[in-house]
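# Structure assessment
As a plain string of letters, each chain reads:
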Amino acid sequence: MVNTVSFKKKPCTNGEGVSNHVHERSKWAFFFNVADLKAVKIKKEGWSYLQFCLKDETQLPALHFHQGGSEVFLDCLNKYVMLTESPFDETSLIVSNYNKALSQSFENLFDDTTFGLVQVDIIYCYATLTFFFPQKFRKDPYTTTLGGFSKVTNYLFDAFRAPDAEHHQRPASEVADLLNEAIPGLEINHQEEPGFEVITRIDLGTRPDVQRREPVSAEDWTEHMDPDGRIQDVPHLKQNIFKGGLCHAIRKEAWKFLLGYFPWNSTRDERKTLQKTKTDEYFRMKLQWKSVSEEQEKRNSRLRDYRSLIEKDVNRTDRTNKFYEGQDNPGLILLHDILMTYCMYDFDLGYVQGMSDLLSPILYVMENEVDAFWCFVSFMDQMHQNFEEQMQGMKTQLIQLSTLLRLLDITFWNYLESQDSGYLYFCFRWLLICFKREFSFQDILRLWEVMWTGLPCQNFHLLMCCAILDSEKQKIMDEHYGFNEILKVSVLKLM
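These notes cover the structure that comes with them. Since the model is a prediction, treat every value here as computed from it, not as a measurement. (Residues numbered from 1 in each chain as written. Predicted model: local features only at pLDDT ≥ 70, side-chain atom pairs only at ≥ 80, totals over all residues. Heavy atoms only, no water.)

### What about the overall build of the protein chain?
Note the following rule: Going along the chain from the N terminus, every DSSP run of H or I of four or more residues is numbered as a helix, and every run of E of two or more is numbered as a strand. Think of it in three bands: residues with accessible area under 20% of the maximum for their type are buried, residues over 50% are exposed, and the middle band is partly exposed, with areas taken using a 1.4 Å probe on protein chains only. The contact criterion used is simple: two residues touch if any of their non-hydrogen atoms lie within 4.5 Å.
Counting its regular elements, the protein chain contains 21 helices and 10 strands. Per-residue burial for the protein chain yields a buried fraction of 47% across its 495 residues. Pairs at least 24 residues apart make up 66% of the contacts formed inside the protein chain by residues separated by at least 6 positions.

### Considering the nonpolar core
Selection criterion: Within this scheme, the nonpolar core is defined by two criteria: the residues are buried Ala, Val, Leu, Ile, Met, Phe, Trp, Tyr or Cys, and they are joined through side-chain atoms within 4.5 Å.
Counting residues in each nonpolar core, the largest one holds 99 residues, and the members touching the most others are Trp221, Trp255, Leu358, Ile362, Phe387 and Phe435. Of the residues forming this core, the biggest block, 11 residues, is contributed by helix α15 (residues 369–387). Ranked by size, the runner-up nonpolar core spans 18 residues in total, among them Phe32, Phe52, Leu63 and Leu74.

### Regarding the packing of helix α12 (residues 301–314) against helix α13 (residues 330–345)
The following threshold applies: What counts as an axis is a line fitted to C-alpha atoms, over the stretch in contact for a helix, and the angles between N-to-C directions run from 0 to 180 degrees. In these notes the angle categories are as follows: under 35 degrees is roughly parallel, over 145 is roughly antiparallel, 65 to 115 is roughly perpendicular, and the rest is oblique. Two helices that cross are described as forming a left-handed crossing if the nearer one is turned anticlockwise from the farther one by less than a right angle, and a right-handed crossing if clockwise. The classification used treats Ala, Val, Leu, Ile, Met, Phe, Trp, Tyr, Cys and Pro as nonpolar, Asp, Glu, Lys and Arg as charged, and all other residues, Gly among them, as polar.
Between α12 and α13, whose axes approach to 10 Å, the crossing angle comes to 150°. Taken together, the axes of α12 and α13 are roughly antiparallel relative to one another. The handedness of the crossing between α12 and α13 comes out as right-handed. Counting all contacts with α12, which are made through Leu303, Tyr306, Arg307, Ile310, Glu311 and Val314, the residues of α13 involved are Leu332, Leu335, His336, Leu339, Met340, Cys343 and Met344. In the contact of α12 with α13, the residues fall into 10 nonpolar, 1 polar and 2 charged.

### Examining the sheet that holds strand β7 (residues 83–85)
Stated precisely, the cut-off is as follows: Any two strands are treated as partners once DSSP identifies two or more bridges connecting them.
In space, the 5 strands of this open sheet follow the order β6-β5-β4-β8-β7, with antiparallel pairing throughout. In the strand order of this sheet, the two ends are held by β6 (63–65) and β7, each with one partner. Between one strand and the next, the sheet's axes are offset by a mean angle of 25°, whatever the strand orientation. Both strand β5 (residues 48–54) and β6 contribute to a ladder of 3 bridges, which runs antiparallel. Looking across to β6, one finds that Tyr49 is bridged to His64. Sheet strands touched by helix α1 (residues 70–77): β4 (37–44), β5, β6, β7 and β8 (92–95). Its angle to β5, the strand with the most contacts, is close to 30°.

### So, the pairing of β8
When β4 meets β8, the two strands line up antiparallel, connected through 3 bridges. Paired with Ala39 across the bridge in β8 is Ile94. Hairpin connection, β7 to β8: the antiparallel pair is bridged by 6 residues.

### Some details on the environment of Tyr423
Summarising the element assignment, Tyr423 is placed in the loop between α17 (410–418) and α18 (428–432). The exposure class of Tyr423 is buried, given its relative accessible area of 9%. Separated by 23 residues in sequence, Tyr423 and Gln400 have C-alpha atoms that sit 9.2 Å apart.

### Topic: the packing of helix α9 (residues 248–258) against helix α19 (residues 441–451)
Where α9 meets α19, the axes come as close as 11 Å, and the angle between the chain directions of the two elements is 40°. As summarised for this structure, α9 and α19 are arranged oblique, according to the angle between their axes. In the crossing of α9 with α19, the sense of the turn from one axis to the other is left-handed. Residues His248, Arg251, Trp255 and Leu258 of α9 lie in contact with α19, whose contacting residues are Gln442, Leu445, Arg446 and Glu449. Here the contact of α9 with α19 is built from residues that sort into 3 nonpolar, 2 polar and 3 charged.

### Some words on the pattern of salt bridges
Test applied: One speaks of a salt bridge when a side-chain nitrogen belonging to Lys or Arg is within 4 Å of a carboxyl oxygen belonging to Asp or Glu.
Evaluated as defined, the whole model comprises 22 salt bridges. Its salt-bridge partner being Asp226, residue Arg230 comes within 3.7 Å of it at the nearest N-O pair. The buried category is assigned to Asp226, whose relative accessible area is 14%. What you see here is one network of salt bridges that share partners, running through Arg207, Asp409, Asp470 and Lys473.

### A closer look at the environment of Leu309
Looking at the secondary structure, you find Leu309 in helix α12. As a C-alpha pair, Leu309 and Val352 span 43 residues in sequence and 8.1 Å in three-dimensional space.

### Remarks on the side chain of Ser360
Within the secondary structure, Ser360 is located in helix α14 (residues 355–366). Once residues lying within four places of it in the same chain are set aside, the contact partners of Ser360 are Thr317, Asp318, Tyr324, Leu335 and Phe441.

### Quick word on the pairing of β4
Alignment of β4 against β5, held across 7 bridges, turns out to be antiparallel. Each bridged residue has a counterpart across the sheet, and for Lys41 the counterpart in β5 is Gln51.

### Quick notes on the packing of aromatic side chains
Cut-off, in case you're wondering: Ring pairs shown here join Phe, Tyr and Trp side chains whose ring centres sit within 6.5 Å, with only the six-membered ring taken for Trp; geometry is labelled stacked below 30 degrees between planes, edge-to-face above 60, and tilted in between.
Inspection of the entire model under this criterion finds 23 aromatic pairs. Here Tyr342 and Phe376 contribute two aromatic rings whose centre-to-centre distance is 5.2 Å and whose plane-to-plane angle is 70°, an arrangement assigned as edge-to-face. Pair noted here: Tyr342 is in helix α13 and Phe376 is in helix α15, with a separation of 34 residues, a long-range link. For the pair formed by Tyr342 and Phe376, the shared burial category is buried.

Here's what the structure looks like:
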């Protein structure tokens with residue numbers, strides 16, 4: 001919403017005959033929903049002023065910025081609607097019509113009543129701006145998202161689909177484009193030639209009976225290492241890890257390779273040198289936030305916010321695990337220090353809730369502050385887009401997942417679509433923190449090391465989502481689950 005509060009001077013006289021001015025709400029104040037905005041005209045007459053045009057062709061009073069700030073205002077507005085320059089008038093910005101809710105971040109979609117609220121105070125013809133940014137999502141993305149689904153079901157559902165195509169089948173060429181994006185390597189003929197057709201469904205045939213092998217043992221690991229410590233026949237080793245995981249005794253070493261902290265072709269001596277360099281680098285970054293005084297922190301709101309959020313999350317991360325249970329647990333201190341140091345490593349991203357869930361298993365396995373930090377850095381390189389403010393990675397994955405499920409099980413997808421769940425946004429938490437809260441702690445150790453092999457494909461985690469949905473499909477359909485019941489399935493422990 002955009003709400004302007006305009007005041008005019010109303011003279012009044014006190015007992016001594018002195019004129020005072022009392023603020024009074026004027027007729028020039030206006031209020032509108034950004035969803036109704038059609039265009040913004042930008043004009044200058046010594047100072048900038050903006051004029052809003054709504055979709056019903058209403059022209060609102062000009063908004064003057066005598067002391068500057070029009071660009072800041074437009075930057076803020078651009079977070080909630082997509083503004084593009086008009087091809088016919090360089091002084092006009094047009095609100096784009098494509099899937100607006102998908103283009104804006106989940107942060108904006110699922111916040112509380114302050115979502116999208118921009119208040120503009122105009123006092124004596126000078127514009128002072130007060131912005132209410134949605135912080136709730138950044139602090140707690142998946143809880144905020146899941147909690148907001150019941151409020152925005154229809155809004156999000158409509159936004160994911162183009163308004164003029166709500167009840168129409170996608171053209172075959174569009175389906176082909178979507179499949180090409182979602183499943184690289186899938187060859188689809190776009191020409192309507194005899195003997196060719198657009199693939200919209202795949203018959204997977206009878207499901208094979210797959211048997212897991214035993215975890216890779218310490219002996220197996222040693223056999224793949226040459227006298228200098230280089231790992232040999234990496235593809236074969238990854239295949240074995242994918243099929244059976246690792247025994248816990250070698251996770252501490254193997255995870256460093258799987259996550260990319262150690263190069264597969266490095267020698268023991270090279271790894272020792274690397275660890276020494278990385279240790280020095282880590283403690284230099286740690287000293288940066290450790291040496292910030294209380295007075296300095298009072299003037300650094302971002303660092304203050306990061307610290308506050310980390311302290312809250314650390315105190316509720318995996319507290320039933322012996323490694324983190326109890327008060328003044330050393331594991332909690334390490335968890336806190338690593339996350340604070342990561343803020344120094346990537347200050348733009350800083351800390352977003354969910355990152356403590358990704359670090360916890362790594363620290364549990366490494367039992368070493370420095371090694372855990374650099375393994376976490378490597379993991380965050382893979383997951384970074386999930387936590388960025390615009391969350392483009394999350395949006396892309398949800399679209400790909402919906403397309404994939406539609407390809408694999410059109411019947412189930414149609415059922416979910418009929419319950420406003422066709423775009424699988426209830427799977428948000430699964431993707432955000434890589435199933436961390438859907439499986440037991442020990443199962444997550446096995447699942448993550450399997451996924452870190454990169455086998456059998458880059459988007460294996462999407463196939464995992466489909467497998468989970470398949471395991472719940474019969475119950476969902478037989479018991480006629482609606483949107484709210486489907487949402488509850490997404491937050492249950494699966495194993």
